[in-house]
Amino acid sequence: MTDSTTSVQTAAIVWPTLTYRDARAAIRFLEQAFGFETIACYGEGERVDHAELAWPGGGALMLGSAREGSAIKDLPAGVGSVYIVVDDPDALCARAKAAGATMVRDLTDQTDYESRDFVCRDPEGVYWSFGTYAGAKH
C-alpha cells in the first residue's frame with residue numbers, strides 16, 4: 001500500500017454520483033434531512049447540470065438532473081444506495097424522519113458488523129444508510 005491509501009483524507013476522493021428527476025428538490029431534501037451542504041450547483045431553471053454536496057464529516061457526492069448529454073444518461077433517476085458513517089445515528093434518524101424520509105429499517109443495533117444504523121429512502125427512491133460502522137479494522 002502507498003501512503004495515499006492509508007492516510008486520512010480531508011477532501012473527497014470518492015464521489016458517488018446520482019441522477020434525479022427533480023434534482024433541485026433532491027438537493028433541498030438532502031440538505032434538510034441529512035445535513036449535506038451544497039458547495040456547487042450549475043444549471044438553469046429546474047435543470048441541474050452538476051451539483052456537489054459535501055458531507056459534514058468529510059467526503060462528498062455529485063448529482064444532477066436526468067438528461068440527454070449526461071455522461072451517466074443511462075443511469076435511471078432515483079437509483080442507488082449510499083452508506084455514510086455517523087457518530088450519532090439516533091439524532092440523524094430523527095432528522096431524516098422529520099424531513100419525510102421513508103424508513104426502510106429503523107434504528108437497530110442488531111447487525112453482524114456491530115453498528116448502530118438505519119436505512120431510509122429519499123423521495124425519488126435512493127437508499128441512504130447511516131451507521132456507526134466505519135469499516136473493518138486492519
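See the structure above.
Scoring rules and cut-offs
- Residues numbered from 1 in each chain as written.
- Predicted model: local features only at pLDDT ≥ 70, side-chain atom pairs only at ≥ 80, totals over all residues.
- Heavy atoms only, no water.
- Helix = DSSP H or I, 4+ residues; strand = E, 2+ residues; numbered from the N terminus.
- Rg over C-alpha atoms; globule rule 2.2 N^0.38 Å.
- Buried < 20%, exposed > 50% of the residue type's maximum accessible area, 1.4 Å probe, protein only.
- 1 Å grid on protein atoms, 1.4 Å probe; cavity = no way out; pocket = protein on both sides within 12 Å on 5 of 7 lines; lining within 4 Å.
- Points joined across faces, edges and corners; volume = space filled by probe spheres on them.
- Nonpolar A, V, L, I, M, F, W, Y, C, P; charged D, E, K, R; others polar.
- Salt bridge = Lys/Arg side-chain N within 4 Å of Asp/Glu carboxyl O.

(A) Spotlight on the overall build of the protein chain. When helices and strands are tallied, the protein chain shows three helices and eight strands. Its helices and strands in sequence order give the protein chain the pattern α-β-α-β-β-β-β-α-β-β-β, from N to C terminus. Relative to the globule expectation of 14 Å for 138 residues, the C-alpha radius of gyration of the protein chain, 16 Å, shows essentially globular dimensions. Here the C-alpha coordinates of the protein chain stretch approximately 45 × 40 × 25 Å along the principal axes. Within the protein chain, the proportion of its 138 residues that are buried is 37%.

(B) The arrangement of the layout of surface pockets in detail. Its volume calculated, the largest pocket comes out at about 390 Å³. Taken together, 15 residues line the largest pocket, and the ones lying closest to its centre are Trp55, Gly58, Tyr83, Ile84 and Val85. Elements represented by at least two residues in the lining of the largest pocket include exactly strand 4 (60-65) and strand 5 (81-85). Take the lining of the largest pocket: its biggest share by element is four residues, from strand 5. By residue class, the composition of the lining of the largest pocket is twelve nonpolar, three polar and no charged. In this model, the second largest pocket occupies a volume close to 180 Å³. Thr17, Asp49, His50, Ser70 and Ile72 are the residues nearest the centre of the second largest pocket, which is lined by 13 residues in total. Only strand 1 (17-20) and strand 4 provide two or more residues apiece to the lining of the second largest pocket. With four residues, strand 4 is the single largest residue contributor to the lining of the second largest pocket. Here the residues of the lining of the second largest pocket sort into five nonpolar, six polar and two charged.

(C) Molecular detail of the pattern of salt bridges. In the structure shown here, the tally under the stated rule is eight salt bridges. The salt bridge involving aspartate 117 is made with arginine 105; its shortest N-O contact spans 2.8 Å. Placement of the pair is aspartate 117 in strand 7 (residues 117-121) and arginine 105 in strand 6 (residues 102-108), with a sequence separation of twelve residues. With relative accessibility at 35%, the residue arginine 105 sits in the partly exposed group.

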